[in-house]
Amino acid sequence: MTPGGRMRVEEAIGRQIARLRTERRLSLTELGEALGRYLDRPWSRQAVHQAERGQRSFTAAELTGLALALDTSIPALFRVEDGGVELPGGAVTPEDYRGVLLNRERESPIDGVEELILALHDIKAVLSRPALARLARIGRVADQV
């Protein structure tokens, strides 16, 4: 992680790979073998571990293979829970980063799952604001009266 809570984009992808692999109950070796169906050869257990720790860059073919092996979409691999990301040229704001994850072309349908995930993230950010927390406490007190 870089100062300011930002992480390198490779770290963001690595966290999503680890999260999705765990949710799918795949071992490091099993994910590496699954990648072998889409790439020219399987990844070793160590290669998957390095990817999950954000210690490698990814080719377009690898990102596509990861999305297929993990039964997800490529944009889902780029999700960040909070904060922005750091690219070699500098920081990207959380808003701009979320914006590039959404399909902005009018002719193409937006993948509902990714949009829902991003919307829920935005709702969570709004609901965690101190002013709303105070209103919620006032509402609970009012209900008790």
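Above this text sits the structure in question.
Throughout what follows, the structure given in this document is the object of discussion. (Residues numbered from 1 in each chain as written. Predicted model: local features only at pLDDT ≥ 70, side-chain atom pairs only at ≥ 80, totals over all residues. Heavy atoms only, no water.)

## Side note on the overall build of the chain
For the record, the criterion: Strands here are runs of E lasting at least two residues and helices are runs of H or I lasting at least four, both read from the DSSP assignment and numbered beginning at the N terminus. Burial classification: accessible surface area is computed with a 1.4 Å probe over protein chains only, and a residue below 20% of its type maximum counts as buried, one above 50% as exposed, and the rest as partly exposed. The contact rule is simple, with two residues in contact once any of their heavy atoms fall within 4.5 Å.
Counting secondary structure elements, the chain contains 8 helices and 3 strands. Written out in order from the N terminus, the α and β elements of the chain read β-α-α-α-α-α-β-β-α-α-α. Buried residues in the chain amount to 32% of all 145 residues. Considering only contacts in the chain between residues 6 or more positions apart, those separated by 24 or more positions represent 58%.

## Concerning helix H3 (residues 45-52)
Stated precisely, the cut-off is as follows: The arc in question is formed by the directions pointing from the helix axis toward the C-beta atoms.
Listed as buried for H3 are Ala47, Val48, Ala51 and Glu52. The arc enclosing the buried residues of H3, seen along the axis, measures out at 135°, which places them on a common side. Residues of H3 that are buried sit in contact with helix H1 (9-23) and helix H2 (28-36). Phi turns positive one or two residues past the end of H3, at Gly54, with a value near 75°.

## Quick word on H2
Here H2 has its buried residues at Leu28, Leu31, Gly32, Ala34 and Leu35. Looking down the long axis of H2, one finds its buried residues gathered within 160° of arc, a one-sided arrangement. Buried residues along H2 sit against H1, H3 and helix H4 (60-69).

## Considering unusual backbone geometry
Positive phi is not limited to glycine here, since Arg25 has a value of about 55°. Structurally, Arg25 is set in the loop between H1 and H2. If you check the backbone angles, Asp71 has positive phi at about 55° while not being a glycine. Checked against the element boundaries, Asp71 lands in the loop between H4 and helix H5 (74-77).

## Structural notes on the packing of H1 against H3
Quick reminder of the rule: Comment: axis = line fitted to C-alpha atoms, over the contacting stretch for helices; angle = value between 0 and 180 degrees taken between N-to-C directions. An angle below 35 degrees is treated as roughly parallel, one above 145 as roughly antiparallel, one from 65 to 115 as roughly perpendicular, and anything else as oblique. Ten residues, namely Ala, Val, Leu, Ile, Met, Phe, Trp, Tyr, Cys and Pro, are considered nonpolar, four, namely Asp, Glu, Lys and Arg, are considered charged, and the remaining ones, Gly among them, are considered polar.
Put simply, H1 and H3 touch, their axes get as near as 7 Å, and they point 120° apart. Taken as axis vectors, H1 and H3 run oblique relative to one another. Note on element contacts: H3 touches H1 through Val48, Ala51 and Glu52, opposite Glu10, Gly14, Arg15, Ile17, Ala18 and Arg21. Residues belonging to the contact of H1 with H3 are distributed by class as follows: 4 nonpolar, 1 polar and 4 charged.

## As for the sheet that holds strand E3 (residues 90-92)
Quick note on the threshold: Note on pairing: two strands pair once DSSP finds at least 2 bridges between them.
What the 3 strands build is an open sheet, ordered E1-E2-E3; its pairing is mixed. What marks the edges here is a single partner per strand, and that holds for strand E1 (7-8) and E3. Examined bridge by bridge, E1 and strand E2 (residues 85-87) share 2 bridges and lie parallel to one another. Residue pairing in the sheet places Arg8 in a bridge with Glu86 of E2.

## Observations concerning the pattern of salt bridges
Cut-off, in case you're wondering: Salt bridges are defined as contacts in which a side-chain nitrogen from Lys or Arg sits within 4 Å of a carboxyl oxygen from Asp or Glu.
Taken as a whole, this structure holds 7 salt bridges when the rule is applied. Arg8 serves as the salt-bridge partner of Glu10, at 3.7 Å between the closest nitrogen and oxygen. Since its relative accessible area comes to 34%, Arg8 is described here as partly exposed. Of the charged contacts, one joins Arg19 and Glu23 as a salt bridge, the two residues approaching to 2.8 Å between their closest N and O atoms. Taken as a pair, Arg19 and Glu23 lie in helix H1 at a separation of 4 residues, close to a single helical turn. Linked through salt bridges whose partners overlap, the residues forming this network are Arg8, Glu10 and Glu11.

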